[in-house]
Amino acid sequence: MNNFDIIIIGGGAAGLMAGGHAASLGAKTLILEKMPRTGRKLYITGKGRCNITNIDILSEYNKHIGTKARFLKPAFHNFFNSDLIDFFNKIGVPTIIERGGRVFPASQKAVDVVDALVKWCKKNKTVIKSNTQVKKLIFENYRVTGVEDADGNKYFSKAVIIATGGASYPATGSTGDGYGFAKSAGHNIIPVKPVLVPFETSGNIAKQLQGLSLRNVTAQIWVDNKKYDEEFGEMLFTHFGVSGPIILSLSRRLNFDENKKYILSIDLKPALDEKKLDARLIRDLNNFGKMKFSNILREWLPKKMIPVFLDILKISSDKLCNQINSKERKSIRILLKNFKLEITGVRSFKEAIITNGGVDTIEVDKKTMSSKICKSLYFAGEVLDVDADTGGYNLQIAFSTARLAAENAVKNI
C-alpha cells in the first residue's frame, strides 16, 4: 500500500511541479507535505500575487543568479520561462507581463497558481498526503529506498526527491528539514543565511518615512567608507528600515558583519549629474523666488520627505527661495544625491524571501539533479545552494530543477 515509484518530500512550488510531472510520465508518485495545505509559501510570493517567472533571456538570468548559473544551465535548457508560461496557460492560469519582465497570473491571485498546480497533480493521479512530517530517509546498500514519518509510518519508493525549500518564511513550513535529510545521505551543507531580506537602519528617519515608496532611485552600499554595491529601481521605507526590490537584491550580495560600518546612500535624482542638478536648483529657486522654501521642496521631493529634509538641512521652512545662498543650495544638492542611512542589520529568516546556502551543488549532478553520493536521491528548488535576485527568477529555478529531477528520476527507475 505504501509502495511508490517516486516520493517527493515537500509540497511547495518544486514539490508540486516534480510530483505532477513524474506522475504525468507514468510513475506512481507520492508528495508528502508536513503542513495542512500544499503551496503555503507560494500563497505569499509576489505580495500574494505570485511572481511566477521572468521573461529575461538566459544571459540576463545568469546576471541575476551569479556564480551558480552554470549549474542551472541544463535545467533551464530543459524547461525555461516560455515553457513555464505555456505550462500554466495549459493548466488554466493565463499570465500577464509587468514592469521588469515579471510574470504574474492574470487574476493577480497566488491562490489560483496553487489551486491549478494541485488540480494538475491530482489529474495525473499524484497522491498528495498533507500533515505528514517526514522524520528520516530509509537507506539500503547506499541507496535511498523510502522515508519514515514522525508517526513511524514507512513509505517505500525507487527514488526520492527532496523539495523541502530552504529556511526562509518558516511559518510556511520552510524550516530547513531538507538539510538534515541531505546530511544523512552524506551531503555537505553550505551554511545558510537569509537573503532577499530588508535592512534595519539606525535613528528614526526610516520610521518617519514609513510606507513611502521611491521609484527610479539608485541605492548604494558603502562598507567602511568604500563603495560595495549599487542597484537602480524601487525601494520602500518601513518602521524598522528599508525594503523593496533594490534593497532585497542588495541584501543578497551583502555578507553583513557587525564589526563593519554600513551606509546606504540613496540618489534621489540619478538622471541628473551634480552639474545638471545644480543648474535645475538655480533655475527653480530663481523662477519661484517669492515662494517659501518648504513649498519649493514639493517640486523636488515626495511630500513625506519634506519634513525630514528640512530637519537635516536646518533651513527655515519659511525662508524665501530667493534668499537661499550658494552654501545652502550646495547642501540641498548633496542631500538629493546622497541621502544617507546607516544599516545596522538585516531582518531574520522570518522575513527573508529566499535562503542562501544549502545542499552543495558540487555533490549534485547538474544534468539530472541526482545526488553524486547516494543513489536514487534527487534535489529540487531552494534546498539547493542556488538563489537569485528578486523578480521571478527564484521560482523559475524551483520549477526548472523540479522538472529535471522528476524526468530523470522516472527515467532511472
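To be clear, the structure that these remarks concern was listed above.
A.B. asks: I tried to follow the pattern of salt bridges on my own but got confused; where do I start?
C.D. replies: Where charged atoms of side chains with opposite charge meet at close range, the side chains can pair. A full pass over the atoms with the stated rule returns 27 salt bridges. For K136, the salt bridge is made with E148, and the minimal N-O distance between the two is 3.8 Å. With K136 in strand β7 (residues 134–140) and E148 in strand β8 (residues 143–149), this pair connects stretches of sequence that are 12 residues apart. By relative accessible area, K136 is classed as partly exposed at 41%. Exposure remark for E148: the relative accessible area of 10% places this residue in the buried category. In this structure, D267 engages K337 in a salt bridge whose closest nitrogen and oxygen atoms are separated by 2.9 Å. Here D267, found in strand β15 (residues 262–267), pairs with K337, found in helix α13 (residues 326–337); they are 70 residues apart in sequence, far enough to count as distant. Per residue, the accessibility class of D267 equals that of K337, and both read buried.

A.B. asks: Before we go on, may I ask you to explain the pairing of strand β13 (residues 226–237) in this structure?
C.D. replies: Side-chain positions along a regular strand alternate between the two faces of the sheet. In this sheet, β13 lies alongside strand β12 (residues 213–223) in antiparallel orientation, the contact comprising 9 bridges. Within β13, the position partnered with V223 by the bridge is K226. Adjacent in sequence and paired antiparallel, β12 and β13 are bridged by 2 residues, among which D224 carries a positive phi angle near 50°. For β13 and strand β14 (residues 241–243), the ladder comprises 2 bridges, and the chain directions are antiparallel. From the neighbouring strand, L236 faces β14, where its bridge partner is S243. In sequence, β13 turns back onto β14 through a hairpin of 3 residues.

A.B. asks: Mind showing me how you'd approach the pairing of strand β16 (residues 339–346) here?
C.D. replies: Bridge count for strand β11 (residues 199–201) against β16 is 3 bridges, and the pairing is antiparallel. Among the inter-strand pairings, F199 is bridged to a residue of β16, identified as V346.

A.B. asks: Looking at this structure, I do not really get the packing of helix α10 (residues 274–287) against helix α11 (residues 293–300). What am I missing?
C.D. replies: How two helices pack is summed up by the angle between their axes together with the distance between the axes. Taken N-terminus to C-terminus, the directions of α10 and α11 make an angle of 135°; their axes are 11 Å apart at the nearest point. Classed by the angle they form, the pair α10 and α11 counts as oblique. With respect to the hand of their crossing, α10 and α11 are arranged in right-handed fashion. Residues R280, L281, D284 and L285 of α10 form the contact with α11, whose participating residues are I296, E299 and W300.

A.B. asks: Would you take a moment to explain the packing of aromatic side chains for this structure?
C.D. replies: Two numbers describe a pair of aromatic rings. These are the distance of the centres and the angle of the planes. Under the defined criterion, the tally for this structure stands at 9 aromatic pairs. Ring geometry for F87 against W120: centres 4.8 Å apart, planes inclined by 80°, an arrangement best described as edge-to-face. Here W120 lies in helix α6 (residues 110–123) and F87 lies in helix α5 (residues 81–90), a separation of 33 residues in the sequence. The same class applies to F87 and to W120, which are both buried. The interplanar angle of 5° and the centroid separation of 5.7 Å between the aromatic rings of F309 and F339 together place this pair among those described as stacked.

Conventions and cut-offs
- Per chain, the residues get numbers from 1 upward, laid out in the order the sequence is written.
- Since the coordinates come from a predicted model, pLDDT governs what is reported: local features require at least 70, and pairs of side-chain atoms require 80 or more to be given and counted, while whole-chain, interface and lining totals use all residues.
- The side-chain quantities take in all heavy atoms of the structure and omit both hydrogens and water.
- What makes a salt bridge here is a side-chain nitrogen of Lys or Arg within 4 Å of a carboxyl oxygen of Asp or Glu, nothing more.
- Per the convention used, a helix needs a DSSP run of H or I reaching at least four residues, while a strand needs a run of E reaching at least two, with both numbered from the N terminus.
- Categorising residues by exposure relies on relative accessible area from a 1.4 Å probe, with only protein chains included: less than 20% of the type maximum marks a residue as buried, more than 50% marks it as exposed, and the intermediate range marks it as partly exposed.
- Being paired, for any two strands, means DSSP has found at least two bridges between them.
- Only the contacting stretch of a helix is used when fitting its axis, a line to C-alpha atoms as for every element, and angles between N-to-C directions run 0 to 180 degrees.
- Should an angle lie under 35 degrees it is considered roughly parallel, over 145 roughly antiparallel, and from 65 to 115 roughly perpendicular; all remaining angles are considered oblique.
- The handedness criterion is simple: a crossing whose near helix is rotated anticlockwise from the far helix by less than a right angle is left-handed, and one whose near helix is rotated clockwise is right-handed.
- It only takes one pair of heavy atoms within 4.5 Å for two residues to be counted as in contact.
- Classification of ring pairs rests on two measures: the distance between centres of Phe, Tyr or Trp rings, Trp counted by its six-membered ring, which must be within 6.5 Å, and the angle between planes, read as stacked under 30 degrees, edge-to-face over 60 and tilted in between.

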